[in-house]
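These are the residues of each chain, in order.
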Amino acid sequence: MPILVVDDHRPMLRLVEAHLQVIGFTDIETEHDPAAALARLRRRRYGLILSDWNMAPISGLGLLRAVRGDPQQADTPFILITAEANPENVLAAKAEKVSGYILKPFDAAQLKAKLIGVLGRF
């Protein structure tokens, strides 16, 4: 399954990619620029998108809105990664039909549990 990881903090990109590899995924693309991520999404369908919430110029929530607004991508599982457990953010993400969210910091086991919750057993 092709996976796109979006985070404007490159060390976090590498960490999420490493966790996904530990879990067993191999088709992983990373993007540090959310605008460039949108361009990637126009060229390729992904089976899963993981995105940081706090990015500029497009937030993870903005990226989620763009994905949900595209009929060809609207059903793509989308997990937001955040350091904030603000209930208002959770409600905003749910209103945009986020598939799940995970709080930083997390390890590969926690990510796997979240992925199973979103994707089912793999």
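Right above here is the structure, for reference.
Residues numbered from 1 in each chain as written. Predicted model: local features only at pLDDT ≥ 70, side-chain atom pairs only at ≥ 80, totals over all residues. Heavy atoms only, no water.

Asks: Before we move on, could you go through the overall build of the protein chain and cite the residues and values that matter?
Replies: Scanning the protein chain for helices and strands turns up 5 helices and 5 strands. Helices and strands in the protein chain line up, N terminus first, as β-α-β-α-β-α-β-α-β-α. Its C-alpha radius of gyration of 13 Å places the protein chain within 12% of the 14 Å reference for a compact globule of 122 residues. Along the first, second and third principal axes, the C-alpha atoms of the protein chain reach 35 × 30 × 30 Å. (Helix = DSSP H or I, 4+ residues; strand = E, 2+ residues; numbered from the N terminus. Rg over C-alpha atoms; globule rule 2.2 N^0.38 Å.)

Asks: Requested: an account of the pattern of salt bridges, with residues and values cited.
Replies: Applying the stated criterion across every chain, the model contains 7 salt bridges. Its salt-bridge partner being Arg45, residue Asp75 comes within 3.3 Å of it at the nearest N-O pair. Of this pair, Asp75 sits in the loop between helix 3 (60-68) and strand 4 (78-82) while Arg45 sits in the loop between helix 2 (34-43) and strand 3 (48-52), placing them 30 residues apart in sequence. The partner of Glu96 in a salt bridge is Arg65, and the shortest N-O contact between them spans 3.1 Å. With a gap of 31 residues between them, Glu96 in the loop between helix 4 (87-95) and strand 5 (100-103) and Arg65 in helix 3 connect regions that are remote in the sequence. A cluster of three or more residues bridged by salt bridges with shared partners is formed by Asp27, Glu29, Glu31, Arg40 and Arg44. (Salt bridge = Lys/Arg side-chain N within 4 Å of Asp/Glu carboxyl O.)

Asks: Can you explain unusual backbone geometry? Please cite residues and give values.
Replies: Going from Ala56 to Pro57, the amide bond is cis rather than trans, its omega being 0°. Along the chain, Pro57 falls in the loop between strand 3 and helix 3. The omega angle of the peptide bond from Lys104 to Pro105 is -5°, so this bond is cis rather than trans.

Asks: Provide a residue-level description of helix 1 (residues 10-23), including the pertinent values.
Replies: Each turn of an α-helix holds 3.6 residues, which means side chains three or four residues apart point in the same direction. Relative to the 20 Å expected for 14 residues at 1.5 Å per residue, helix 1 spans 20 Å between its end C-alpha atoms, a close match to the ideal helical length. Of all the residues in helix 1, the buried ones are Met12, Leu13, Val16, His19, Leu20 and Ile23. Taken end-on, helix 1 shows its buried residues confined to a sector of 130°, consistent with a single buried face. Across from the buried face of helix 1, at angles greater than 90 degrees, the exposed residues are Arg14 and Val22. Here the buried face of helix 1 lies against strand 1 (3-6), strand 2 (28-31), strand 3, strand 4 and helix 5 (108-119). (Expected span 1.5 Å × (residues − 1). Buried < 20%, exposed > 50% of the residue type's maximum accessible area, 1.4 Å probe, protein only. Arc of directions from axis to C-beta. Contact = heavy atoms within 4.5 Å.)

Asks: Go over the nonpolar core with me, naming the residues and quoting the values.
Replies: Leu41, Leu63, Phe78 and Leu80 are the most contacted members of the largest nonpolar core, which totals 18 residues. Those elements giving two or more residues to this core turn out to be strand 1, helix 2, helix 3 and strand 4. In terms of residue count, the dominant contributor to this core is helix 3 (4 residues). Contact partners of Phe78, with chain neighbours within four places excluded, come to Ile49, Ser51, Gly60, Leu63, Leu64, Val67, Arg68, Val98, Ser99 and Gly100. Counting 17 residues, the second-largest nonpolar core is a separate cluster that includes Leu20, Phe25, Ile102 and Phe106. (Core = buried A, V, L, I, M, F, W, Y, C linked by side-chain atoms within 4.5 Å.)

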